[in-house]
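# Inside the fold
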Amino acid sequence: MLRLQRSAISKFQNRIFGGEQRANSVASVAYARKYSTENPIPESADVVIIGGGSAGCNALYQLAKRGVRAVLLEKSKLTAGTTWHTAGLVWRLRPNDVEIRLLAATRNLLMSLEEETGHNSGWINNGGLFISHSPERLDEYRRLATLGKCFGIESHIISPEEAQKVFPALDPSSFTGALYSPGDGVVDPAMMCTALTKAATANGGRVLEDCTVSQIVTGENLLGMKDVRGVVTNKGMIRTNTVVNATGVWGRDLIEPLGVYLPLIPMKHAYVVSETMDSIHQMLPNVRDHDFSLYFRIQGKSICMGGYENNPILLNRVPGDFHFGLYDLDYSVFDTHIQGAVKLCPAFGDAGIKSTICGPESFTPDHKPLMGPDPTVSGLFHSVGYNSAGMMLGAGCAEQLAQWILHDRPDRHMFAYDVRRFSPKQKKALNWATERSHEAYAKNYSIVFPHDEPLAGRNFTVDPFHKQMIQYGAVMEERHGWERPGYFLPDETVVVQPYDWYGYYDYPKNANTHYEEALKGDYNFGFSEHHDLIGEEALTCRHDAALFNLSYFSKLFLTGSQAKEAAEWIFTANLDKPINKTIYTCGLNKQGGVECDVTVSIVESGLGGLHDPIFKGRGYYIVAGGASAYHTKCHILSAIQEKAFRAVVSDHTEELGVLSLQGPKSREILQKITDFDLSNDQLLPPNSTAILTIKINPHYSCTVRALRVSFVGELGYELHIPEECCNDVYNALMKAGYKESLRNAGYRALYSLSSEKGYHLWGFDLRSDDTPVEANLGFVCRKNGEYQGKEIVDRQLENGVSRRLAFFTLRDQVPIWGLEAVYRDGEIVGHLRRGEYGYTLQKPIGQAYVERSDGSAITNQFLQSGRYQIEVMGKLYDADCHLRSPFDPKGQRLLGIYK
């Protein structure tokens, strides 16, 4: 490894930057030196930001702009970590509407910074090309282009010959098509950070270089939670209640003494700079060849080329003094990119390599940043793990982080970046994080198929039914570290194998590839190879009965002397109900956005079982979706902390299994193994709970908590079962249901059924940036009393909203997955948040928020009028818009009324 001195930094930049930008970049380094080590350290600050890279400088800018007394502390010089050597590519299109908005925020800031500060931000709008080598890749690009239209992003699917006109050095015979996005560009990191910090200091922000933080000082609040009190540096202590961890590859080091862990894995990441090439000039577009897993960044008359290989060099930790440091490039790792680059651009192979840049970067298990408030230390925020995308995401993420710090929540639905998307168990498991981060790195440029699954870090958490699921042919999915059944292959056994690291690092490739072969059935944007099989599971639920394993769902008991006050503040629905009533409700943030949707059962003290605990007073049994389980728990705990309620949350998620028996024959099947009179709706009416005794055999029985609820719109029962009884209850149910055609069903069928009924799925058609009124959930919001976000809900109920969730059915048999543009009378009014196939309706179905361009209130008349079309892969298909799902609109099936 090597470290560059100041003169070497300028020399390095002279070699890779050209013309005016080179001069500006060197000037930026000089400007950065103005943050003298002699500046007195402040005694206190509203916010202390640790780390002077892209994340830190952007955070300082956004906070200072909002009048916050913010101080940025950098242990060396600005950009000295990983920012200084970044490629700085800025793309506009991603397969996610939130990321598109974040990228737009970054781009807009880069284009306006010079006018604001007088300093060139280093932004060059030279456009971008995505290269395709297969029909599936081109389909993915069509999806990107369609989504881009919803946000006014210009892009074009073009032929290889047209791509060569845009970038003459490309060999058109080496690829099959391309996506051209003229608004893409590139940014110089030093120039950007200079402009940001100049603007920030003009607004009262402070920057201190050569200021090393040795400790984050914490105390303990009245409820026993750690909170930030200050930071200790080599120049003294700064008192503060808010710290932003923006330390990049060092993101774990400073916080682990606090008992805080992050799934952050450093790796070597590299690019090379070609000698000057006659066919290259600065305004040629940057190139991403996803299939060859490489990129070109144009730098003057040279090409900077890098990519994501299958065998990156993993690092344990990066030395704390590795400032402006580089490693020697290992060509045995990097050569795969050179081979691909020469195929795509033969002139690159003739030019030769001028310099190599191999530095440390931080990566995460899902290739997304780690952001937001730490759930275990109040006042500690994270902004790390940018996976080499810190330049293009930096400004957009910092804007959201500033909102998070000042208003408790960001404007956007940031769950995919929120550090609370990982459970404490995941964050502490370094081996798990390393496996997953490696695979996420290697697959960074892979096609984003809707139903792909990771191979790394599997079987991390399994429920009590896991072995039985495998025996019955389950093809497992992974969510939140848990294994769950996606669908079932009859007469087959599909076992997820230990991770083989793609055959690298002396690991042999797995001989058993049955699971990988099953996944390949979904590697397209047409109907899955398993489409009919999943349909059989769904229709069995509609006609007979199906058994769903929901064990990874979050299962919490809220108890204590102020449990009632806590529940009423956290949840929107009227919870003043009799014991054993189950209520569907939402938990909101202060902006009225839905942070979770759950069922809450009113319960009394029981006999001491995990499903029937002993406590004083009235308790609340809360069940929430598993994919966001820890996020939901943190939201509840945060509200309790903020209001200082005397209430306790007990998490029984791993100790209780859940089987959901659904369908017309569910009551008949369950009645065979219990003496509880299920036909008596006075004992167990819809939306209620009871303790049932399940007869396993004549000599043995066990008790379970039954909830008469349904996520699929059928007569059904959820059984919440103590872990030690799970296998016996499962076997008893399968035996009891044999003659009634009971079969296992997975989450693919479950989500199809729930969408067909018009139920919501948090994170898709219901998010933290959607209010209940917009989501047609005003009926779960009570009129009386107070709850968090109620002021927003009441205002919207009175004045209306300019966007509303609507249900769509397509007239053609074409698969939809979400992200497709929705047109009304030829005008784009939204995009599908969720796409499924309704096997009972025999139509593709989807949900979208329809928005009026004039900002006026959406009415039923507006939604029901007009001609609707859905754009799928660049083609328009006629669609019908419904206020709610046309499936069982009166809810008769939930009552057990089948005609």
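Going by the structure above, here's the rest.
Thresholds, definitions, all that
- Residues numbered from 1 in each chain as written.
- Predicted model: local features only at pLDDT ≥ 70, side-chain atom pairs only at ≥ 80, totals over all residues.
- Heavy atoms only, no water.
- Disulfide = S-S within 2.5 Å.
- Buried < 20%, exposed > 50% of the residue type's maximum accessible area, 1.4 Å probe, protein only.
- Core = buried A, V, L, I, M, F, W, Y, C linked by side-chain atoms within 4.5 Å.
- Domains from an automatic or database assignment.
- Contact = heavy atoms within 4.5 Å.
- 1 Å grid on protein atoms, 1.4 Å probe; cavity = no way out; pocket = protein on both sides within 12 Å on 5 of 7 lines; lining within 4 Å.
- Points joined across faces, edges and corners; volume = space filled by probe spheres on them.
- Helix = DSSP H or I, 4+ residues; strand = E, 2+ residues; numbered from the N terminus.
- Nonpolar A, V, L, I, M, F, W, Y, C, P; charged D, E, K, R; others polar.
- Phe/Tyr/Trp six-rings, centres within 6.5 Å; stacked < 30°, edge-to-face > 60°.
- Lys NZ or Arg CZ within 6 Å of the ring centre and 35° of its normal.
- Pairing = 2+ DSSP bridges.
- Axes fitted to C-alpha atoms, helices over the stretch in contact; angles between N-to-C directions.

## A few points about the state of the cysteines
Under the counting rule described, the total for this entry stands at 0 disulfides. No disulfide involves Cys 358; its sulfur sits 14 Å from that of Cys 304, the nearest cysteine. Look at Cys 358 and you get buried, because its relative accessible area is 4%. In this model Cys 725 remains outside any disulfide bridge; the closest cysteine sulfur is found in Cys 702, 3.7 Å from its own. A residue is classified by how much of its surface remains accessible, and Cys 725, at 8% relative accessible area, is buried.

## Quick word on the nonpolar core
Ile 49, Leu 73, Ile 216, Val 231, Leu 380 and Leu 393 are the most contacted members of the largest nonpolar core, which totals 103 residues. For this core, the domains that each give at least three residues are domain 1 (47–83 + 190–262 + 366–413) and domain 2 (128–182 + 266–363). Discounting chain neighbours no more than four positions away, the residues touching Leu 380 are Ile 216, Val 228, Val 243, Asn 245, Ile 255, Leu 258, Val 260, Gly 372, Pro 373 and Asp 374.

## Considering the layout of surface pockets
Looking at the second largest pocket, its volume works out to about 960 Å³. Where the lining of the second largest pocket is concerned, the elements lending two or more residues are strand 12 (226–233), strand 22 (377–378), strand 23 (380–384), helix 10 (390–407), helix 17 (629–643) and strand 31 (648–651). Per element, the largest residue contribution to the lining of the second largest pocket is 9 residues, and it comes from helix 17. When grouped by side-chain class, the residues that make up the lining of the second largest pocket number 17 nonpolar, 11 polar and 8 charged. Both domains that meet at the lining of the second largest pocket, namely domain 1 (47–83 + 190–262 + 366–413) and domain 5 (554–652), each give it at least three residues.

## Things to note about empty space enclosed by the protein
With the rule as written, the count across this model stands at 9 cavities of 30 Å³ or more. Taken together, 16 residues make up the lining of the largest cavity; nearest its centre are His 531, Trp 817, Glu 836, Tyr 837 and Tyr 839. If you list the elements that add at least two residues to the lining of the largest cavity, you get helix 15 (531–543), helix 20 (747–757) and strand 39 (827–838). Among the elements that line the lining of the largest cavity, the one with the most residues is strand 39, at 3 residues. Its residues placed into classes, the lining of the largest cavity shows 9 nonpolar, 5 polar and 2 charged.

## Observations concerning the packing of aromatic side chains
A complete count under the given rule lists 27 aromatic pairs for this structure. Taken together, a centroid distance of 5.7 Å and an interplanar angle of 70° make the contact between Trp 84 and Phe 324 edge-to-face. Here Trp 84, found in the loop between strand 3 (70–73) and strand 4 (89–90), pairs with Phe 324, found in the loop between strand 18 (302–307) and strand 19 (325–326); they are 240 residues apart in sequence, far enough to count as distant. The exposure classification of Trp 84 matches that of Phe 324, with both residues buried. Ring plane angle 50° and centroid distance 5.6 Å describe the contact between Phe 130 and Tyr 141, whose orientation is recorded as tilted. Here Tyr 141 lies in helix 5 (residues 135–149) and Phe 130 lies in strand 6 (residues 128–132), a separation of 11 residues in the sequence. By way of ring pairs, the aromatic residues Tyr 499, Trp 501, Tyr 502, Tyr 505 and Tyr 507 are connected into one cluster. Note that Arg 705 overlies the ring of Tyr 621, its terminal NZ or CZ placed 5.7 Å from the centroid. Here the guanidinium or amino end of Arg 824 rests over the ring plane of Phe 862, the centre of that ring lying 3.7 Å away.

## Some remarks on the sheet that holds strand 35 (residues 716–722)
Strands sit in the order 33-34-35-32-26-36 across an open sheet of 6 strands; the sheet is mixed. Whereas interior strands pair on both sides, the edge strands pair on one side only; in this sheet they are strand 33 (689–697) and strand 36 (743–745). Each strand axis lies, on average, 35° off the axis of its neighbour in the sheet, ignoring direction. Across the sheet, helix 15 is in contact with strand 26 (546–549), strand 32 (656–662) and strand 36; its angle to strand 36 comes to roughly 115°.

## Topic: the pairing of strand 39
With 10 of its 12 residues buried, strand 39 lies for the most part within the structure. Pairing analysis gives 4 bridges linking strand 38 (residues 821–824) to strand 39, with the strands arranged antiparallel. Within strand 39, the position partnered with Ala 821 by the bridge is His 831. Hairpin connection from strand 38 to strand 39: 2 residues lie between these consecutive antiparallel strands, with Asp 825 at a positive phi of about 50°. Alignment of strand 39 against strand 40 (residues 843–851), held across 6 bridges, turns out to be antiparallel. Paired with Tyr 837 across the bridge in strand 40 is Pro 844. Remark: 4 residues form the turn of the hairpin made by strand 39 and strand 40, two consecutive strands paired antiparallel; Gln 842 in that turn has positive phi of roughly 60°.

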